[in-house]
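A closer look at the structure
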Protein chains: 2
Amino acid sequence: MKAPRDISNDLLESLRSLGLTKYEALVYIGLLRMTGATATEVHETSGVPRASVYPVLDRLVQKELVSVSHTTPKRFDAIPPGQGIENLMRRIENDAESARTALDRLYREKRPEARGSQELIWTIYGEENIRARLAGMFLSAERRVEMLVAQNLLREHVLALLEPVPDSVRVDIVTDTWKGEQPSRFRVRTHPLGAYPETHAPPGKGLRHESSGVFLVDDARALVWMGSSGEQPSALYSESAGLVQFVRRYLNSVTEWVAAAGQ
Amino acid sequence: MKAPRDISNDLLESLRSLGLTKYEALVYIGLLRMTGATATEVHETSGVPRASVYPVLDRLVQKELVSVSHTTPKRFDAIPPGQGIENLMRRIENDAESARTALDRLYREKRPEARGSQELIWTIYGEENIRARLAGMFLSAERRVEMLVAQNLLREHVLALLEPVPDSVRVDIVTDTWKGEQPSRFRVRTHPLGAYPETHAPPGKGLRHESSGVFLVDDARALVWMGSSGEQPSALYSESAGLVQFVRRYLNSVTEWVAAAGQ
DNA sequence: TAAATGTTGTTGTTAAAAAAACAACAAGGT
DNA sequence: ACCTTGTTGTTTTTTTAACAACAACATTTA
């Protein structure tokens, strides 16, 4: 192919994930700079081979990204980006909707937790997924929720999820700082988490508490939120006795430390 | 590939437009029926070759559609469809947003209507695009807006677009029926459009007025809305003297007919 | 006006890239 | 000794991209 000028690779990638091929993207981009261009002009400014330009334009018309004139030769015009992208998204959202419906049906047919998945430790990627799992944990709490969690993480992502927890469930929170009054609903204890001795960790490489947290529900379900700064966060979730016990001990020792520190 | 069971082709297509490959779709679908499956089990119920299952699962984890356990052998679990599809859509919407930003910049650099595009007749596909164009026409009206339009089309799609037209612009509407009182804002004339003699058309094949309409603004810009029933609608738009004159005459003769019919 | 030239729109073929399918094997567990 | 997991590399198929050739017109030029 000729020289498609200086089209950012990112843009092509974005358009591809909206369902366009490279050629379709290049033609549409080229067309945005022109008004009423002929196929040959499109070929020239987009760098797409002339013979390929015709089928590509046909597809773009089908996708409601360009309009055609009735002259000979035909002339083409781009639908403005706002409208055009909306047109693409409409199709995609339709697909998403029908896919969700179909998948939900399959999903509901699943035998409910046949095997003992309770011995496994799961890795969950992505903030949304972690939050969803946390919400589920909190929702299922019957007696007690405990957490050791950095203040920013708590405020931004966790606090809202505690809303549906009933009063009969005791909620213990250990965090680094707490602005404002103590909420009566929860037992909040503050402590400079960074100062907690990372026993077996080499200095400077200790677990970053910045965006991390440890959660335990009813001594039965544990989640460890590992927020690698900047990166996509991940978490461990488990109902296995092993991990739960480990988390249990960790929380105990931190709690003791906090108490001893004399707050 | 083995027998992927009875997976609807539509579903695979939908998932593809959300950025999944066939394999990714099959594995995810298969995984929805299981809980904590091993790679081999995934292979068995999805029909995807065992060796291919590993890279596919990796990608699905990246796309936040499945979670992995830390056991050996690894076990995999599907994120529930609602959450999973939301995860996919989030990425796509990000791409859409950044694409729109980038494209808008390019679009604005375009020299404003360099050539005389006013001689061309454009075909516009898709209801949204037609409505957008109509809205633009109405917005630019300085003296007069005339339309001959089926009642259903008028109510559902057109009336709302007339909102921003100032009082100084005269708006004439001819339609088949009009329930309720006459709006003082517009000059509405009703007429059973079907009865208008389709001069050169064979009976039964005359232009269906059901979802069609003719629009003229300031005697300068014309749009013909052709609503093929059920299909995607299309329209002609032009500022060319030829088409404008044709529409002008058509409106005139209909208006005369209506007047003669003695309303 | 007729020949020469050029452009548009089509069709068919080849090349490159991406996805799918298969083969083989080391590591570890039973 | 045997089976399973996870990994790697190779072949086949499908999809995109690139190229070649040509008929139908239209434009220029002699």
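Read on for a plain summary of the structure. (Residues numbered from 1 in each chain as written. Chains lettered and ligands numbered in written order. Predicted model: local features only at pLDDT ≥ 70, side-chain atom pairs only at ≥ 80, totals over all residues. Heavy atoms only, no water.)

1. Side note on the overall build of chain A
Note the cut-off: Where helices and strands are cited, they refer to DSSP runs of H or I of at least four residues and of E of at least two residues respectively, numbered from the N terminus. Exposure is judged per residue with a 1.4 Å probe applied to protein chains only, and the accessible area is read against the type maximum: over 50% gives exposed, under 20% gives buried, and values in between give partly exposed. With residues, only the protein chains shown are counted as cover, and all accessible areas are computed by Shrake-Rupley using a 1.4 Å probe.
Helix and strand counts for chain A stand at eight helices and ten strands. For chain A, the residues scored as buried account for 47% of the 263 residues in total. Total accessible area computed for chain A in this model is approximately 13,400 Å², and 51% of it derives from carbon and sulfur atoms.

2. With respect to the packing of aromatic side chains
The criterion, for reference: Each Phe, Tyr or Trp ring, with Trp reduced to its six-membered ring, pairs with another whose centre is within 6.5 Å; inter-plane angles below 30 degrees give stacked pairs, above 60 give edge-to-face pairs, and intermediate values give tilted ones. Note on criteria: charge over ring means Lys NZ or Arg CZ within 6 Å of the ring centre, with the direction from the centre no more than 35 degrees off the ring normal.
The full count for this structure, using the stated rule, is four aromatic pairs over all chains. Taking the ring centre of Tyr237(B) as reference, the NZ or CZ of Arg133(B) above it sits at 4.4 Å.

3. Digging into the protein's contact with DNA strand C
Short version of the rule: It suffices for a single heavy atom of a residue to lie within 4 Å of a molecule or strand for the residue to be listed as near it. Counted as a polar contact is a pair of N or O atoms within 3.5 Å, where, for protein atoms, one must be capable of donating a hydrogen and the other of accepting one, and residues adjacent in sequence contribute only when both atoms are in side chains. Classification used: nonpolar for Ala, Val, Leu, Ile, Met, Phe, Trp, Tyr, Cys and Pro, charged for Asp, Glu, Lys and Arg, polar for all others including Gly.
Inspection of the region around DNA strand C gives 13 residues, with Thr40(A), Arg50(A), Lys74(A), Lys22(B) and Tyr23(B) positioned closest. In DNA strand C, atoms within 4 Å of the protein come from the sugar-phosphate backbone in 62% of cases. Backbone polar atom of Lys74(A) to a phosphate oxygen of DNA strand C: 2.9 Å apart, as the coordinates give it. Ser52(B) is positioned with one of its side-chain polar atoms (N or O) 3.4 Å from a base nitrogen of DNA strand C. Looking at the surface near DNA strand C, the elements that each hand over two or more residues are helix H3 (39-46) and helix H4 (50-62) of chain A together with helix H2 (22-32) and helix H4 (50-62) of chain B. With three residues, the top contributor of residues to the surface near DNA strand C is H4(A). For the surface near DNA strand C, the residue count by class is seven nonpolar, three polar and three charged.

4. Some words on the protein's contact with DNA strand D
Near DNA strand D there are 14 residues, and of these Lys22(A), Tyr23(A), Thr40(B), Arg50(B) and Lys74(B) occur at the shortest range. Taking the atoms of DNA strand D that fall within 4 Å of the protein, sugar and phosphate contribute 61% of them. For DNA strand D, a phosphate oxygen lies 3.1 Å from a polar atom in the side chain of Thr21(A). In this structure, a phosphate oxygen belonging to DNA strand D sits 2.9 Å away from a main-chain N or O atom of Lys74(B). The set of elements that each furnish at least two residues to the surface near DNA strand D consists of helix H2 (22-32) and H4 of chain A together with helix H3 (39-46) and H4 of chain B. The element that contributes the greatest number of residues to the surface near DNA strand D is H4(B), accounting for three residues. Residues that form the surface near DNA strand D fall into these classes: seven nonpolar, four polar and three charged.

5. Overview of the relation of the copies chain A and chain B
Cut-off, in case you're wondering: We superpose the copies by least squares over the C-alpha atoms of residues that have a pLDDT of at least 70 in both of them.
Superposing chain A onto chain B requires a rotation of 180° together with a translation of 0.0 Å along the rotation axis, leaving an RMSD of 0.1 Å. Taken together, the rotation and translation relating the two chain copies correspond to the operation of a two-fold axis.

6. Section: the side chain of Glu64(B)
We count it as follows: Any two residues whose heavy atoms approach within 4.5 Å are treated as being in contact.
Residue placement: Glu64(B) occurs in the loop between H4 and strand E2 (66-69). Residue Glu64(B) is classed as buried on the basis of its relative accessible area of 7%. Contact partners of Glu64(B), with chain neighbours within four places excluded, come to Tyr125(A), Gly126(A), Asn129(A), Gln232(A), Ile79(B), Gly84(B), Asn87(B), Arg90(B) and Arg91(B).

7. Examining the interface of chain A and chain B
Which entries qualify depends on this criterion: Buried area: the accessible area, evaluated with a 1.4 Å probe, that two parts lose upon being put together, summed over both parts. Each salt bridge in this description consists of a side-chain nitrogen of Lys or Arg and a carboxyl oxygen of Asp or Glu lying within 4 Å of one another. A strand pair is defined by DSSP finding two or more bridges across the two strands.
In this complex, chain A contributes 63 residues to the contact, which on the side of chain B involves 63 residues. Together chain A and chain B conceal approximately 5,600 Å² of surface at their shared face, both sides included; 61% is due to carbon and sulfur atoms. Broken down residue by residue, the surface that chain A buries against chain B is led by Thr35(A), Leu103(A) and Trp122(A), which jointly contribute 11%. If you look at where chain A meets chain B, you find zero salt bridges. The tally of links between chain A and chain B comes to 16 residue pairs in polar contact (both at pLDDT 80 or more). Residue assignment for the side of chain A that touches chain B shows that the elements contributing at least two residues are helix H1 (9-17), H2, H4, strand E2 (66-69), strand E3 (75-78), helix H5 (81-108), strand E4 (121-125) and helix H6 (127-140) of chain A. If one sorts the elements of the side of chain A that touches chain B by residue count, H5(A) sits on top with 20 residues. The sheet contact formed by E2(A) and strand E4 (residues 121-125) of chain B spans two bridges and is antiparallel. Looking across to E4(B), one finds that Val68(A) is bridged to Thr123(B).

8. Here we look at the sheet that holds strand E7 (residues 187-190) of chain B
Applied cut-off: In this analysis an axis means a line fitted to C-alpha atoms, helices contributing only their contacting stretch, and an angle means the value between N-to-C directions, from 0 to 180 degrees.
The strand order E1(A)-E3(A)-E2(A)-E4(B)-E10(B)-E9(B)-E8(B)-E5(B)-E6(B)-E7(B) describes an open sheet built from ten strands, whose pairing is mixed. Unpaired on one side and paired on the other, strand E1 (37-38) of chain A together with E7 of chain B mark the two borders of the sheet. The pairing of E1(A) with E3(A) spans two bridges and is classified as antiparallel. Pairing of Thr38(A) across the sheet is with Arg75(A), part of E3(A). In the packing of H4(A) onto the sheet, the strands contacted are E2 and E3 of chain A together with E4 of chain B, and the crossing angle to E2(A) comes to about 115°. Contacts from helix H7 (residues 151-158) of chain B reach strand E5 (144-149), strand E6 (170-175), strand E8 (213-217) and strand E9 (221-226) of chain B, with the element oriented near 130° to E5(B).

9. Here's the deal with the pairing of E6(B)
All names here are of chain B. The buried count for E6 comes to five of six residues, which makes it a mostly enclosed element. Summarising the sheet, E5 and E6 pair through five bridges and their orientation is parallel. Pairing of Met 147 across the sheet is with Ile 173, part of E6. Sheet topology places E6 next to E7; four bridges connect them, and they run parallel. By the bridge assignment for E7, Val 174 is matched with Arg 189.

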